Amino acid sequence: MSRQRLREVEMGPVESTDLAVSLATRAQNSGLCGAEPIGGTVPPETASPARVAASRFALAHRPGEEQLYAALDLGTNNCRLLIARPTPGGGGRAGFRVIDSFSRIVRLGEGLSGTGRLSAAAIDRTLGALEICRDKMTARGVTRARLIATEACRSAQNGAEFLNKVRGETGLELEVVDRETEAHLAAAGSASLADSAAAGVLLFDIGGGSSEIVWLGRDNNGARAGAEPTDMALRERIRCWVSLKLGVVTLAEKFGGLEVSDATFEAMIEHVAGELRSFVVTVGAEQRCPRFHLLGTSGTVTTIAGVFLGLARYDRRRVDGLWMSSAEVSEAVASLRKMTYGERAANGCIGLGRADLVLAGCAILEAIRRAFPADRVRIADRGLREGILLQLMSADRASVRMRR
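Peer 1: Help me understand helix H10 (residues 262-282) in this model?
Peer 2: Along an α-helix, residues three or four apart share an orientation, since each turn contains 3.6 residues. Helix length check: H10, at 21 residues, gives a terminal C-alpha distance of 30 Å against a target of 30 Å (1.5 Å per residue), a fit within 8%. A bend of about 45° at Leu276 is the largest found in H10. Taken as a whole, H10 has its buried residues at Phe265, Met268, Ile269, Val272, Ala273, Leu276 and Phe279. Looking at the buried side of H10, the elements it contacts are strand S9 (200-206), strand S10 (211-217), strand S11 (238-244), helix H9 (248-255), helix H13 (326-338) and helix H15 (358-371).

Take a look at the structure:
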């Protein structure tokens, strides 16, 4: 298998679990734990950063040694991996440098909403992607990793069977996280892009099978712009959150995604609006100010940004952190809606793998915008994986400080 060395990219940190089976065997021999597959499963109710960092899967960590971290996010639509090395930062905080990454559309949840099960074809596609992730982590010498799975594995009747198959065929141990953990990780990875002067910010992550929405209160800790929040500070900022059991895959399967009429698009929006109503009531008393804005992290918003910028090929450097006005978002969505399926598939920021899903994502975004009108939207090409890395690195730094 050929491996392409990717350009190193400056990013923020995340959390990790142990990687190589040989490391697990070595730990077993030293009495630290039993031999385990790569990664580790933590029950949802106990899947906190501290728990993960202190678990038996953190075998390779030795204070003073340089760690190489990995974060894997297996969603309903995508399998994505980041491998990163910590970099020193000011104020006791550190960032990280991404040294390798991988992303593949696997559509693990394809047909799940109708059958309640993961299909054999979807499982085969996903296993192929996970094998690549495993090989990348092994080749890079990753010492700490956290490998999570979300909505498709949470809801599938054969989810546990799939996890066992992954363990047996790839050696990877996936951790199925609950919705609260997923929402918190998405916020941890992207909250640094929120306007620190805003009294309130609505952060959202439109996924394949679920969509997480978080209300962030004012940053009372005085964090500088762009600084990664500590986990405790972030928890203090999260006023409310909700996880909607719908995403681009489930919505497209319900309403169609190849050619979407105006009537169908409005029906999608109304469907999402119905799911949002209780959350809108819940946050009704939260403070807003003229600097209130939306902060989106997902393939939907990064696609909209790419279309708005007129990119022939997607460029993360131009998209991550981009501010768009409400009118600019509306214009980009309108452009997407005018495209045929073939035109979307040929677009360098969309591609064949997401051409039938992007309008469902636009409908979810429109429902959010109507429920929470804002003059500005900030685009984040970062999120759950970055949140994992940040938490893992933060936990390790805290562990080192405790030993001193």
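Read on for the rest.
Peer 1: Just checking my understanding: could you explain the nonpolar core for this structure?
Peer 2: As a rule of thumb, nonpolar side chains are buried together in soluble globular proteins. Formed by 53 residues in total, the largest nonpolar core has its most connected members in Leu202, Ile213, Phe279, Leu294, Leu336, Ile368 and Phe372. Per-element accounting of this core gives the leading share, nine residues, to H15. In this structure, Ala70, Leu72, Ile123 and Phe162 belong to the second largest nonpolar core, which totals 33 residues.

Peer 1: Before we go on, may I ask you to explain the packing of aromatic side chains in this structure?
Peer 2: The geometry of an aromatic ring pair comes down to the distance between the two centres and the angle between the two planes. A full pass over the atoms with the stated rule returns three aromatic pairs. Each ring, one from Trp215 and one from Phe372, has its centre 6.3 Å from the other, and the planes form 55°; the classification is tilted. Placement of Trp215 in strand S10 and of Phe372 in the loop between H15 and strand S14 (376-380) is noted, with a sequence separation of 157 residues between them. Of the two residues, Trp215 and Phe372, both sit in the buried class. Judged by centre distance (6.1 Å) and plane angle (65°), the rings of Phe279 and Phe372 are edge-to-face. Of this pair, Phe279 sits in helix H10 while Phe372 is found in the loop between H15 and S14, placing the two residues 93 residues apart along the sequence. Take Phe279 and Phe372: they sit in the same class, and that class is buried. An aromatic cluster of three or more residues is present, and its members are Trp215, Phe279, Phe292 and Phe372. Positioned over the ring face of Phe292 is Arg288, at 5.2 Å from the centre of the ring. Above the ring of Trp323, the side-chain terminus of Arg376 is found at 4.2 Å from the ring centroid.

Peer 1: How should the environment of Glu161 be read in this particular structure?
Peer 2: Within the secondary structure, Glu161 sits in helix H6 (residues 159-170). We classify Glu161 as exposed; its relative accessible area is 51%. Along the sequence, Glu161 and Leu118 sit 43 residues apart, while their C-alpha atoms lie 9.8 Å from each other.

Peer 1: Please clarify how the pairing of S9 should be interpreted in this entry.
Peer 2: Residues in a regular strand project their side chains so that they alternate between the two faces of the sheet. Burial runs high along S9: seven of the seven residues are buried. Of the pairings in the sheet, the one linking S9 to S10 comprises seven bridges and is antiparallel in character. Across the sheet, the residue bridging to Ile206 is Ser211, located in S10. Linking two consecutive strands that pair antiparallel, namely S9 and S10, is a turn of four residues. Both S9 and strand S12 (residues 293-297) contribute to a ladder of four bridges, which runs parallel. Among the inter-strand pairings, Val201 is bridged to a residue of S12, identified as His293.

Peer 1: Looking at this model, I keep getting lost on the sheet that holds S12. Mind explaining?
Peer 2: Backbone hydrogen bonds are what pair the strands of a sheet, in a parallel or an antiparallel way. Strand order in the open sheet made by the six strands is S11-S10-S9-S12-S14-S13, with mixed pairing throughout. Strands with a single pairing partner mark the edges of an open sheet, and in this sheet they are S11 and strand S13 (323-325). On average, each strand axis in the sheet is tilted by 20° relative to the strand beside it, whichever way the strands run. Bridging between S12 and S14 involves four bridges; their strand directions are parallel. Residue pairing for S14: Leu295 is matched across the bridge by Arg378. Here helix H11 (residues 299-309) sits on the sheet in contact with S9, S12, S13 and S14, set at roughly 105° to S14.

The rules we used
Numbering of residues starts from 1 in each chain and follows the order in which that chain's sequence is written. Totals for whole chains, interfaces and linings use every residue, but because this is a predicted model, local features are given only for residues with pLDDT of at least 70 and side-chain atom pairs only at 80 or more, for both listing and counting. In computing side-chain properties, one takes all heavy atoms of the structure into account and sets aside hydrogens as well as water. Where helices and strands are cited, they refer to DSSP runs of H or I of at least four residues and of E of at least two residues respectively, numbered from the N terminus. For a helix, the expected span equals 1.5 Å multiplied by the number of residues minus one. Consider a residue and the seven residues that end there alongside the seven that start there; fitting an axis to each set, the bend is the angle between those axes. Throughout this description, buried means an accessible area under 20% of the type-specific maximum (1.4 Å probe, protein chains only), exposed means over 50%, and partly exposed covers the range between. Any two residues whose heavy atoms approach within 4.5 Å at even a single point are treated as in contact. Remark: nonpolar core denotes a set of buried residues (Ala, Val, Leu, Ile, Met, Phe, Trp, Tyr, Cys) joined through side-chain atoms within 4.5 Å. Working definition: rings of Phe, Tyr and Trp (its six-membered ring) pair if their centres are within 6.5 Å, and the pair is stacked with planes under 30 degrees apart, edge-to-face with planes over 60 apart, and tilted otherwise. Comment: the charge-over-ring label is applied if NZ (Lys) or CZ (Arg) is within 6 Å of the ring centre and within 35 degrees of the ring normal. What makes two strands pair is DSSP finding at least two bridges between them. Axes here mean lines fitted to C-alpha atoms, for a helix over just the part in contact, with angles spanning 0 to 180 degrees between N-to-C directions.

Function cannot be read off these values alone, since they describe shape.
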